[in-house]
Amino acid sequence: MLGGLTVAGGTALLEGAAPAPARAQGTPSLLEFRWDNNRDYRKLYYFVTDTTRLKRSEYYLILKPKDRKTAILKLSITIPESFDVKIDPKDVKLCVMKEGGMLSRTRCLQEIPAVVEIPKGGRAIEIFPNTPVPDDKTIGVYINLFNPFNIGMYQFNALAQAPGDVPMSGYLGSWIIQIDPSN
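Throughout, residues of each chain are indexed from 1 in the direction in which the sequence is written. At least 70 in pLDDT is required for a residue's local features to be given in this predicted model, at least 80 for side-chain atom pairs to be given and counted, and no such filter applies to totals for whole chains, interfaces and linings, which use all residues. Water and hydrogen atoms play no part in the side-chain values, which are based on all heavy atoms of the structure.

Undergrad: Hey, could you run me through the state of the cysteines in this one?
TA: What makes a disulfide is a covalent bond joining the sulfur atoms belonging to two cysteines. By disulfide we mean two sulfur atoms from cysteines, separated by a distance within 2.5 Å. If you walk through the whole model with that rule in mind, you get one disulfide. Linked covalently through their sulfurs, cysteine 95 and cysteine 108 form a disulfide whose S-S length is 2.0 Å. Where cysteine 95 bonds to cysteine 108 through sulfur, the torsion about that S-S bond is close to -95°, and the disulfide is left-handed. In this pair, cysteine 95 is assigned in strand β6 (residues 92–98) and cysteine 108 in strand β7 (residues 107–111), connecting sequence segments 13 residues apart. Judged by relative accessible area, which is 23%, cysteine 108 ranks as partly exposed. In this text, helices come from DSSP runs of H or I with a minimum length of four residues, and strands from runs of E with a minimum of two, each type numbered from the N-terminal end. Each residue is placed in one exposure class: buried if its accessible area under a 1.4 Å probe, protein chains only, is under 20% of its type's maximum, exposed if it is over 50%, and partly exposed if it falls in between.

See below:
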């Protein structure tokens, strides 16, 4: 012990000082465990600027070219009932995305012209691009909102309708977003 410092293994620690807790980032974890893991579930990449409840946050729900096989005529995102947030269609954009990493941020490179509708009840976001979105670029849905009051994990599902004779939406995958308590 040196003047209030404890020397352990060549490093000095202040007595009674605990290391600061690590803060979660708004990205999916490297390891995800599901009780009922089956082939019908597909994990999609996302980025959230703030996961604390009631904080203003930007959601980037990303669809990579490998996540879809055809062009998209209509994109639907289902929202869980417990996600008690009012989403304004003006705060939702369909974009060509740049996926972030260690040295760059996830961001919207170019907005794709589209009509955004929130059906009565607010349990879905329906996006109708002016022209079908090809499957060769990373696209995403940008949403600017306040996080819900209730903490927990929320599963948003992506459904897409491809151009063709049969107007039926197919499942693309899910984003599992966690909302954390305030500090």
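Undergrad: Whenever I open this one, the packing of aromatic side chains confuses me. Can you help?
TA: Aromatic rings considered in pairs are described by the distance between their centres and by the relative angle of their planes. Only the six-membered ring of Trp is used, alongside the rings of Phe and Tyr, when aromatic pairs are assigned; centres must lie within 6.5 Å, and planes under 30 degrees apart are stacked while those over 60 apart are edge-to-face, with the rest tilted. Per the stated rule, a full pass over the model turns up five aromatic pairs. Relative to tyrosine 60, the ring of phenylalanine 47 lies with its centre 6.2 Å away and its plane at 35°, an arrangement referred to as tilted. Taken together, the residues span a long stretch of sequence, with phenylalanine 47 in strand β3 (residues 46–48) and tyrosine 60 in strand β4 (residues 56–63) at a distance of 13 residues. With relative accessibility at 5%, the residue tyrosine 60 sits in the buried group. With a centroid separation of 5.0 Å and an interplanar angle of 80°, the aromatic rings of phenylalanine 83 and tyrosine 154 are classed as edge-to-face. Here phenylalanine 83 is found in the loop between β5 (74–78) and β6, whereas its partner tyrosine 154 is found in strand β11 (residues 152–161), with 71 residues between them in sequence. Comparing phenylalanine 83 with tyrosine 154 shows no difference in burial state: the two are buried. Joined through ring pairs, the aromatic side chains of Tyr59, Phe83, Tyr154 and Phe156 make up one cluster. Both a distance and an angle decide whether a charge sits over a ring: NZ of Lys or CZ of Arg must be within 6 Å of the ring centre and within 35 degrees of the ring normal. Positioned above the aromatic ring of phenylalanine 149 is the side chain of arginine 53, whose terminal nitrogen or guanidinium carbon lies 4.4 Å from the ring centre.

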